[in-house]
Amino acid sequence: MSDQESLSRRAALTKIAFAFNAVVGVVLAVPVIGYLLSPMVRARKNGYTSWFALGAASNFPAGQTRLATYRNPIANAWDGQTADIACWVRNVDGSQFQIFAVNCAHLGCPVRWFPQSGLFMCPCHGGAYYEDGSRASGPPERGLFTYNHKIENGQLWIDAGSLPTPGGSASNRAKNGAPCA
Amino acid sequence: MDHPVPKSAASWFYVFGSGALVIFGLQVVTGILLALLYVPSAGEAWNSLQALNHDVALGWFLRGMHGWGSNFMVAIVLLHMVQVFMFGAYKFPRELTWVVGICLLLMTMGMAFTGQVLRFDQDAYWGLGIGASIASRVPVMGPQVVHLMLGGPIIAGATLSRFFALHVFVIPGILIGLVCLHLLMVLKLGINEWPMPGRLVRRSTYLKDYHDLVHKDGEPFVPYAIWKDVFFAGILIACIALCAAYFGPFGPSGRPDPTNIQAIPRPDYFFLWLYALLALLPPSMETPALLIGPVVILGGLLALPFLFGEGEKSWKRRPVAVISVLLVAVALGTFTHLSSYTPWSPIMDAWSSDPIPDTDLAHRTALERQGALVFQQKQCHNCHSLGNEGGMRGPALDSVATRLTQDQLIRQVIQGGGNMPAYGKNLSPAQTTALVGFLETLRPAGQSPARNASEALAEQGPASSPNSSAPKP
């Protein structure tokens, strides 16, 4: 074989070698990127929320707002206390309920309920909400996040499982205006 | 090892860069030592920190070194940045050094944020929620970004693990690479000479001028200039060690328990300015400020050496630069100071633990005292102070009767306004009467109450009005 022929054969083999590496790289990139994006993909495919029972509806007397806690439906064994989630359950008149997230609609700090003045107050930046979750004052641009719920066989069921955030999913978009605004 | 530098570069003002490098080394060493015991599991991190604090010899001191090291790191990095800016060291030919430096600043703040998450206590848990709430405001992709950040639906084990990977592997790796690049460029381009007013930087002449300066009036970096860096490094490490020994480690505070709604979260000091900003921005401005602000600021910082790469280096001839730095420093300092006592936060237990001052209860009728009781019961004290006790979210009410008439008080209490909620639905008419009765007594001795001038005029009758032309009744 002449020099020219062996050079071009070598060049061709080099190109094939690089191309083979590129193919291997692309094929390997798929599971790696899939792994990195799995929290997003899983949310899209199955959703993170599910229905579960909070307890007997009789645990929440009429006209009162009480704190309820539950274990997040999606939790790992090593999550410890972080998978114990709290929510405010308001029994409006005995048959109607409102379930609020404890996360302030501004930036997520835990809101506290004061039954005497009928206000939720947030310790971080001073947001306040009325008894029905609508915005009263402060930095929040909307009322408290609410969970979908239903009463079945005397049990209060809630559709939850995901941290509510201001830019969050449609199920949390129950915007409540202020009563006199 | 005969690397010549300008004589003027052997200055105490030039030690902050090497100081940052030394603290970085300290953080790596203390970080590795901490990783020998720390458990990055949501269920066990807090316990492992308690073990470090109490069960391991000098574990508390090591945690203190790492925590105070991070505080000093942010401070030194900012000082270095201000010094470089004021000395015009970002100008030609050191533009890329500045750009890499800005990337280093971002990485440092990234380490600061991920580091405080790793402490994984109450503040870290709710701080993550705040970060997720900010991330959720990204248009279109918001919820996906949140799920990526949290590694799942909620702040849990997956979140801590990915912040651990970021803090220990990803960002330090990037930092090491960028620091090497930064140092390489400093070696190649030389240390900035002390700026002289009137000595302008010109792309056409600077390289030659600098070369002449260094070889005519230069000294070898070792040991002429380096001794100050070494000395300052020693001072830094000694200060960090002293702070760690005297003030001890940072927390951890309460357990990261989402059901503990008594938590009052606070970030570490280097994010206190953001805490204040998020409390004080008008609500509708917040999302645009959070999404657009950083882009504008970063863009400006990165473009700086390319827009102003020539001209005066000395701060004595750069008033805009001096004023900008002062403005930023005063703003950051003010916000940080405000966050140290958070006047915008209601004091959640004021209604049950801060009494009404005796002077506001003496010589009052029974109805007015009942009004004081309403004031306490309805948590007014959480936002309004009396006698310097109580919240600062609303104005102090010690002299409210000199500012608002009875009608105005009734309206304010029932309808709210500004940052105050409406209490109309939660106050009976009797409670409102009592409360307003009490508020009307709140004025300093000797000052008359607010007067409704038009009401007084109307009560006198039309005949006594000087401009009246109505016939007498």
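Residues numbered from 1 in each chain as written. Chains lettered and ligands numbered in written order. Predicted model: local features only at pLDDT ≥ 70, side-chain atom pairs only at ≥ 80, totals over all residues. Heavy atoms only, no water.

So, about the overall build of chain A. Across its full length, chain A carries two helices and ten strands. Counting from the amino terminus, helix and strand elements in chain A follow one another as α-α-β-β-β-β-β-β-β-β-β-β. In terms of overall dimensions, chain A is more spread out than a globule: its C-alpha atoms have a radius of gyration of 27 Å, far above the 16 Å expected for 181 residues. Overall, chain A is about 95 × 40 × 25 Å in size when its C-alpha atoms are taken along their principal axes. Sorting the 181 residues of chain A into buried and exposed places 44% on the buried side. Within chain A, residue pairs in contact and separated by at least 24 positions form 49% of the contacts whose partners lie at least 6 positions apart. (Helix = DSSP H or I, 4+ residues; strand = E, 2+ residues; numbered from the N terminus. Rg over C-alpha atoms; globule rule 2.2 N^0.38 Å. Buried < 20%, exposed > 50% of the residue type's maximum accessible area, 1.4 Å probe, protein only. Contact = heavy atoms within 4.5 Å.)

Our next topic: helix H11 (residues 283-307) of chain B. Residues and elements named next belong to chain B. Helix length check: H11, at 25 residues, gives a terminal C-alpha distance of 34 Å against a target of 36 Å (1.5 Å per residue), a fit within 8%. At Ala289, H11 is deflected by roughly 40 degrees, the largest bend along its length. Listed in full, the buried residues belonging to H11 are Glu286, Leu290, Leu304 and Pro305. Residues of H11 that are buried in the fold lie against helix H3 (59-86), helix H4 (95-118), helix H5 (122-135) and helix H10 (272-280). (Expected span 1.5 Å × (residues − 1). Bend = angle between axes of the 7 residues up to and from the residue.)

Our next topic: the sheet that holds strand S9 (residues 148-152) of chain A. All names here are of chain A. Strand order in the open sheet formed by three strands is S1-S10-S9, with antiparallel pairing between adjacent strands. Looking at which strands have only one partner, the edges of the open sheet turn out to be strand S1 (50-56) and S9. Between one strand axis and the next, the sheet turns by 30 degrees as a mean value, whatever way the strands run. Examined bridge by bridge, S1 and strand S10 (residues 155-160) share six bridges and lie antiparallel to one another. What sits directly across from Ala56, in S10, is Gln155. (Pairing = 2+ DSSP bridges. Axes fitted to C-alpha atoms, helices over the stretch in contact; angles between N-to-C directions.)

Turning next to the side chain of His384 of chain B. Here His384 of chain B is to be found in the loop between helix H14 (366-377) and strand S3 (385-386). At 2.7 Å, the side chain of His384 of chain B and the backbone oxygen of Pro395 of chain B are in polar contact. (Polar contact = N/O pair within 3.5 Å; in protein donor to acceptor, adjacent residues only side chain to side chain.)

With that settled, consider the nonpolar core. By size, the foremost hydrophobic cluster in this structure holds 64 residues, and its most contacted members are Leu54, Cys87 and Val89 of chain A. The element best represented in this core is H5 of chain B, accounting for seven residues. In contact with Leu54 of chain A, not counting residues within four places along its chain, are Ala68, Thr69, Tyr70, Cys87, Val89, Ile99, Leu156 and Ile158 of chain A. In this structure, Met65, Phe72, Ile76 and Val77 of chain B belong to the second largest nonpolar core, which totals 26 residues. (Core = buried A, V, L, I, M, F, W, Y, C linked by side-chain atoms within 4.5 Å.)

All names here are of chain A. In this model, chain A carries an average pLDDT of 88, and 91% of its residues clear a pLDDT of 70 or more. The spread of mean pLDDT over the elements of chain A runs between helix H2 (residues 38-46), the lowest at 84, and strand S5 (residues 112-114), the highest at 96. Under a pLDDT of 50 for its full length, residues 170-181 has, in the predicted model, 23 contacts with residues more than four places off or in other chains. (pLDDT = per-residue confidence, 0-100.)

What follows is about helix H1 (residues 16-35) of chain B. Each full turn of the α-helix corresponds to 3.6 residues, which orients residues three or four apart in the same direction. Residues and elements named next belong to chain B. Taking 1.5 Å of rise per residue, the 20 residues of H1 would be expected to cover 28 Å, and the 28 Å separating its terminal C-alpha atoms lies within 8% of that figure. For H1, the complete set of buried residues consists of Phe16, Gly19, Ala20, Ile23, Phe24, Leu26, Gln27, Thr30 and Leu34. Buried residues in H1 make contact with helix H2 (45-54), H3, helix H7 (157-189) and helix H9 (221-247).

Our focus in this paragraph is empty space enclosed by the protein. With the rule as written, the count across this model stands at one cavity of 30 Å³ or more. Around the largest cavity, the lining comprises 15 residues; the ones closest to its centre are Ile85, Asn103, Leu163 and Pro164 of chain A together with Tyr125 of chain B. At the level of elements, strand S3 (84-91) of chain A together with H5 of chain B are the ones that each hand at least two residues to the lining of the largest cavity. Looking at the lining of the largest cavity residue by residue, the class counts come to eleven nonpolar, four polar and no charged. (1 Å grid on protein atoms, 1.4 Å probe; cavity = no way out; pocket = protein on both sides within 12 Å on 5 of 7 lines; lining within 4 Å. Points joined across faces, edges and corners; volume = space filled by probe spheres on them. Nonpolar A, V, L, I, M, F, W, Y, C, P; charged D, E, K, R; others polar.)

Turning our attention to the layout of surface pockets. All names here are of chain B. Of the pockets and cavities examined, the second largest pocket occupies roughly 1200 Å³. Gly17, Ser18, His80, His182 and Val186 are, among the 46 residues lining the second largest pocket, the residues nearest its centre. Listing elements by their share of the lining of the second largest pocket, those giving two or more residues are H1, H3, H4, H7 and H9. Here the element with the most residues in the lining of the second largest pocket is H7; it accounts for eight residues. Across the lining of the second largest pocket, the residue classes tally to 31 nonpolar, twelve polar and three charged.

A few words on the sheet that holds S3 of chain A. Residue and element names in this part refer to chain A. Pairing within the open sheet is antiparallel, and its three strands lie in the order S2-S3-S4. Each end of this open sheet is capped by a strand with a single partner; those strands are strand S2 (65-71) and strand S4 (97-101). On average, each strand axis in the sheet is inclined to that of its neighbour by 30 degrees, with strand direction left out of account. With five bridges joining them, S3 and S4 adopt antiparallel strand pairing. The residue of S4 that forms the bridge with Arg90 is Gln98.

Residues and elements named next belong to chain B. Inspection of every chain in the model, using the stated rule, returns twelve salt bridges over all chains. With a closest N to O distance of 2.8 Å, Arg119 and Asp268 form a salt bridge. Remark: Asp268 occurs in the loop between H9 and H10 and Arg119 occurs in the loop between H4 and H5; sequence separation between them is 149 residues. The exposure classification of Arg119 matches that of Asp268, with both residues buried. In this structure, Glu312 and Arg317 form a salt bridge, with 3.3 Å as the shortest nitrogen-oxygen distance. Overlapping salt bridges bring together Glu95, Arg202, Arg203 and Glu310 as one network. (Salt bridge = Lys/Arg side-chain N within 4 Å of Asp/Glu carboxyl O.)

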